[in-house]
Amino acid sequence: MRQQRFSFGPFLLNLDNGTLLRKGEHVAVGRRGVLLLAALLKRQGEIVTKAELMDAAWPGASVEESNLSVQIALLRKAIGLAADGEEWISTIPRIGYRIPSACPSPEESVDELLPKPSLAVLPFANLSNDPEQEFFADGLADEIIATLSKIPGLIVIARSSSFAYKGRPTDVRRIAEDLGVRYVAEGSIRKSGNRVRVVAQLSDGVTGSHLWAERYDRELDDIFAVQDDVAGRIVTEVSAALSPVEIALWPGVASGGSTNMEAYQCFLRGRAMQRGATQNLAVFERTSELFRRAIALDPAYPAPYAALGMALAHAYYNRWTDEPEHALAEAERLTDEAIERDPADPFAHGVAALVAMYRKDFGRWAAEVGEALLLNPNFAPALSLRATLNIYSGSPRAAIHDLERAMRLDPHFTQGYLHHLGVAHIVAGDYETAATILKERILLVPETDMSRAYLSAALGSLGYLDEARQVWGELMAINPSYSYADRIAHMPFKNPEDLARIARGLDRAGLLTSPDASS
């Protein structure tokens, strides 16, 4: 009889007798914990969906998803942390869980590890009489997030997720639980004339107690010094959970601001619009005008160069200009100028990577996204860009790792990462997982055509031909002009077999040769 044993790190799971050992010592995890661990380890390195885990732990029974969450939490508590300070079992938001395929060796001690400190910076409340100053309050929180994100050992939640709580009642413990963080920073700003009052505080997300609070009454020109001090005080409070090396690697506060307050405010206004929910030609024209004004007021100020480069790159992609190639060339020039003025700005390198992606310049794409992540390990969009690069370069497993980390840093933007995560699993040949992920993405973005195209390919590869044709029919109802030849076939896959794998799935369902698929 074949023994059913699985090892990961210092653990040995023995299904023959239902035990989990850690360096020979028994670990109490319970029967359901053993079943869940077995389901995860049988597919180590792969995402196991919530439905699959519930079937494994409660076979033949109908249970609420909350039961699974409780069991996973108990299991995590029992086995502790991996040698890198991360959880052994990682959460894939809305999809399921996984245990990484490359686990630390049993010789690595995990007894004294502390979890990596994690933090969310909430949008600062605008207490000014002028609602138009909202952008100024947002800008302060943005800069603090950007500064803290550069610390290698600190997990900082992305702006798009922390700002999802804007205008909502603040329950520190609930927000910390939602975002999976230990600390929450928040505050307010009141601007009156040339004076500004900033109140900032840091709270423990477990107890809800305040760890530090400070009030600043300053001249408007001192706003950068306030940003520096708030970031520095937060680092001081969480430094006990950071290694001396990680603190030493923190570059501190960036020096790329502007002494011209009108230029700074033009930049903040433009950036607020650029990050808004509505993106169209009118928004592009207005943000471009604001960024160009900021550059004219302070030609040495690097931030608006990169932001204008981003705007023009989006204009190229969305065809908001009659001369898209000219827009892309200007975007490249502007990002080069931004990097020349501030080589340590991860955002500028991220925009340069985006432009390189549109140009299909794989060399610069890789170099710029690598530099962006070296400067800011918490830069979720750069992780997504590197994942896309790895998908097209034939390294889907590396892409999956980056996308899962991006979703950890930016859980409220899960829909933005799920499409590429599904494509990565198709390229890796994991069609079941790809189909599950892409279906979830369609639930979040009902009008998507591209996710339906790849889902049809995954379903075709699995032999679910009728379902593949049904999904393709939905796609054509959304976008009647969609075709494989004009869209997927033009994606820059370096390995022809990766593109052929997608084509075979569609062809198996009779979609590649149908008029709708190939026209």
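Up top is the structure.
Residues numbered from 1 in each chain as written. Predicted model: local features only at pLDDT ≥ 70, side-chain atom pairs only at ≥ 80, totals over all residues. Heavy atoms only, no water.

Explain helix α3 (residues 65-79) residue by residue, including any values.
Counted at 1.5 Å a residue, the expected span for α3 with its 15 residues is 21 Å, and the 22 Å between its end C-alpha atoms agrees. Buried residues of α3: Leu 68, Gln 71, Ile 72, Leu 75 and Ile 79, and no others. Along the axis of α3, the buried residues cluster in a sector spanning 100°; they form a single face. Backbone geometry just downstream of α3 places Gly 80 in the positive-phi region, at approximately 75°. (Helix = DSSP H or I, 4+ residues; strand = E, 2+ residues; numbered from the N terminus. Expected span 1.5 Å × (residues − 1). Buried < 20%, exposed > 50% of the residue type's maximum accessible area, 1.4 Å probe, protein only. Arc of directions from axis to C-beta.)

Outline the sheet that holds strand β7 (residues 96-98), listing residues and values.
Taken in spatial order, the three strands of this open sheet run β5-β7-β6, and their pairing is antiparallel. Looking at strand neighbours, the two that pair on one side only are β5 (48-49) and β6 (90-92), the edges of this open sheet. In this fold α3 packs onto β6 and β7, with an angle of close to 20° to the strand it touches most, β7. (Pairing = 2+ DSSP bridges. Contact = heavy atoms within 4.5 Å. Axes fitted to C-alpha atoms, helices over the stretch in contact; angles between N-to-C directions.)

Could you give an account of the pairing of strand β2 (residues 11-14), with specific residues and numbers?
In terms of strand pairing, strand β1 (residues 5-8) meets β2 through four bridges, oriented antiparallel. The residue of β2 that forms the bridge with Phe 8 is Phe 11. Connecting the antiparallel pair β1 and β2 is a turn made up of two residues, with Gly 9 showing a positive phi of about 55°. Following β2, the chain reverses through four residues before pairing antiparallel with strand β3 (residues 19-22); Gly 18 in that reversal takes a positive phi of roughly 65°.

Lay out the sheet that holds β2 in plain terms, naming residues and giving numbers.
One open sheet holds the four strands; their spatial order is β1-β2-β3-β4, and the pairing between them is antiparallel. At either margin of the open sheet sits one strand with a lone partner, and together these are β1 and β4 (25-26). In this sheet, β3 lies alongside β2 in antiparallel orientation, the contact comprising four bridges. Bridging across to β3, Leu 12 finds its partner in Leu 21. Packing of helix α1 (residues 30-41) onto the sheet brings it into contact with β1, β2 and β3, and relative to β2 it is tilted by some 105°.

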